[in-house]
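One letter stands for each residue in the lines below.
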Amino acid sequence: MQLHVSPSMRSLTISSNNGFIDLMKIKVAARHISYRTLFHTILILAFLLPFVFILTAIVTLEGVNKCSSFDCLGRRLGPRLLGRVDDSGQRLVKDFYKILNQVNAEEIPDGIKLPDSFNQLVSEMKNNQYDAKTFALMLRAMMEKLEREIRESKFSELMNKHFAASSIPKGLYCLSLRLTDEYSSNAHARRQLPSPELLPVLSNNSYHHFILSTDNILAASVVVNSAVQSSLRPEKIVFHIITDKKTYAGMHAWFALNPVSPAIVEVKGVHQFDWLTRENVPVLEAVENHHGIRNYYHGNHLAGANLSNTTPRTFASKLQARSPKYISLLNHLRIYLPELFPNLDKVVFLDDDVVIQRDLSPLWEIDLWGKVNGAVETCKGEDEWVMSKHFRNYFNFSHPLIAKHLDPDECAWAYGMNIFDLRTWRKTNIRETYHYWLKENLKSNLTMWKLGTLPPALIAFKGHIHPIDPSWHMLGLGYQTKTNIEKAKRAAVIHYNGQSKPWLQIGFEHLRPFWTKYVNYSNDFVRNCHILEL
């Protein structure tokens, strides 16, 4: 860039080397011009010229040096100097948001033909010259259709899972039939359990007495095997297994043919307890024969259900509440333990879907401080699915009786591994309270609660619970896919509560080994019934 002053001092010429600014002349008036004015003019130009050079360089680097005038340069650089940018992209986004809001507020036309894929949508858009609104409308219709199909698929999956969880697998059915047949034809399978010389041990309170109520032979074998193998003193273990009449022969045959010495096992059928009659516990007959209950547990689970306003999680909870096991006498037996075992002082009650991984003898040393039930509380853990249960999770607090007598924020506790002080229990009215609330729920057509035997127990044992350390009893392996494996390994008892039992095909594969390690796959009955194929 060059600056040239004419000899007459009447003109000033500016020229550039790159040809962008060919010539800029400033003519000075011929008369009466002072040197001071000229000096000020030159000073101002000297100040502006570096900026002109910089702007010229920027334009050249950005490839706009084809401009050959200040007008072009101004159009290019003016907005930048003023902090303005091209907002056409922002306008496009705003227009698109406006179209989306319009489409969202409109009804999708009936009978609209939707593409089967996004690629097909794009192809039709090109071929038919869709405008933006039509494209957005089609996209919304496709997404809503997909959401409906996903919801329907999820509900179907939950229903199928419910039926799978409620049915008896072929292998387990085979095992029960074969063992029942063995009981009728093999005297050794009918031998007395325990042997006569060990009968006094059944009421000896120096032993550790476990009570298990189940009609699942394979599950019972796992509970017993895991307890014995994990015990430091298995010779002190006594198992009292209670089953129903149809399963009694097979259950007896299994433990007669597969002793777990030095532990002691007693198998009794419900029919063998003289005290446990419907005359003594009429509420049980009401539960089994009540038309509303039978229809609720065995009827059409979709009847009256508004799936459009129901989340899959809520629907799954309702299905689980409709498991037929909840009207089984075996499921209610735990409330009658003081009468069924009048000579025992302290017992540990176990569900059949647990595995014992640690010696449980210290449980008998826990001081319950005058309470009846030592249980793990289920409201104080980090897991929001398993350990965040309060009374509001089990009861309908819109019912006046529930709202009047219960606190929705009260902490719930777990069934499945409980220490019961039977001596203290016999001094309470727990059983009567249980019966009262069970009858009230029947009168209200099951509107007070719907989930099995835990809700009435939460009421009946209210004020009689002693919390024990959560490491004794880890829950959720039957419905929690994100179970912490390391915590499961350290837990004394792991509980497969939920639908995905380890003996079912719907059981979680990564959690099943905790259970299968205690199955005797070399047993002839297990092998012949193809239990390995689970």
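Quick note: structure is the one above.
The structure displayed is predicted, hence computed values, not measured ones.

Turning our attention to unusual backbone geometry. Residue L193 is joined to P194 through a cis peptide bond whose omega torsion reads -10 degrees. Summarising the element assignment, P194 is placed in the loop between α6 (170-185) and β4 (208-213). S261 connects to P262 through a cis peptide bond whose omega is 10 degrees. Examined against the element boundaries, P262 turns out to sit in the loop between α8 (245-257) and β6 (264-269). Phi at W369 takes a positive value of approximately 55 degrees, unusual for a residue other than glycine. Within the fold, W369 resides in the loop between β8 (354-356) and β9 (373-375). Phi is positive for N445, which is not a glycine, with a value near 60 degrees. Within the fold, N445 resides in the loop between α16 (430-443) and α17 (454-460). The exposure class of N445 is exposed, given its relative accessible area of 51%.

Reading across the sheet, the seven strands line up as β6-β5-β4-β7-β10-β9-β11 and stay open at both edges, with mixed pairing between neighbours. Across the chains shown, the open sheet's two edge strands, defined by having one partner strand only, are β6 and β11 (465-467). Across the sheet, the mean angle from the axis of one strand to that of its neighbour is 25 degrees, orientation sign disregarded. In this sheet, strand β10 (residues 417-421) lies alongside strand β7 (residues 346-350) in antiparallel orientation, the contact comprising five bridges. Considered in β10, the bridge of F349 is made with N418. Sheet contacts for helix α7 (residues 217-230): β4, β5 (237-243), β6 and β7; angle to β5, the most-contacted strand, approximately 170 degrees.

With that out of the way, let us pick up the pattern of salt bridges. For the structure shown, the criterion picks out 15 salt bridges. Between E377 and K380 there is a salt bridge, and its shortest N-O distance comes to 3.0 Å. The class for K380 is exposed, based on a relative accessible area of 64%. Here the residues in one salt-bridge network are D215, D244 and K246, joined through shared partners.

Definitions and limits used
Residues numbered from 1 in each chain as written. Predicted model: local features only at pLDDT ≥ 70, side-chain atom pairs only at ≥ 80, totals over all residues. Heavy atoms only, no water. Helix = DSSP H or I, 4+ residues; strand = E, 2+ residues; numbered from the N terminus. Buried < 20%, exposed > 50% of the residue type's maximum accessible area, 1.4 Å probe, protein only. Pairing = 2+ DSSP bridges. Axes fitted to C-alpha atoms, helices over the stretch in contact; angles between N-to-C directions. Contact = heavy atoms within 4.5 Å. Salt bridge = Lys/Arg side-chain N within 4 Å of Asp/Glu carboxyl O.

From the geometry alone we can't say anything about function, so treat these as descriptive.
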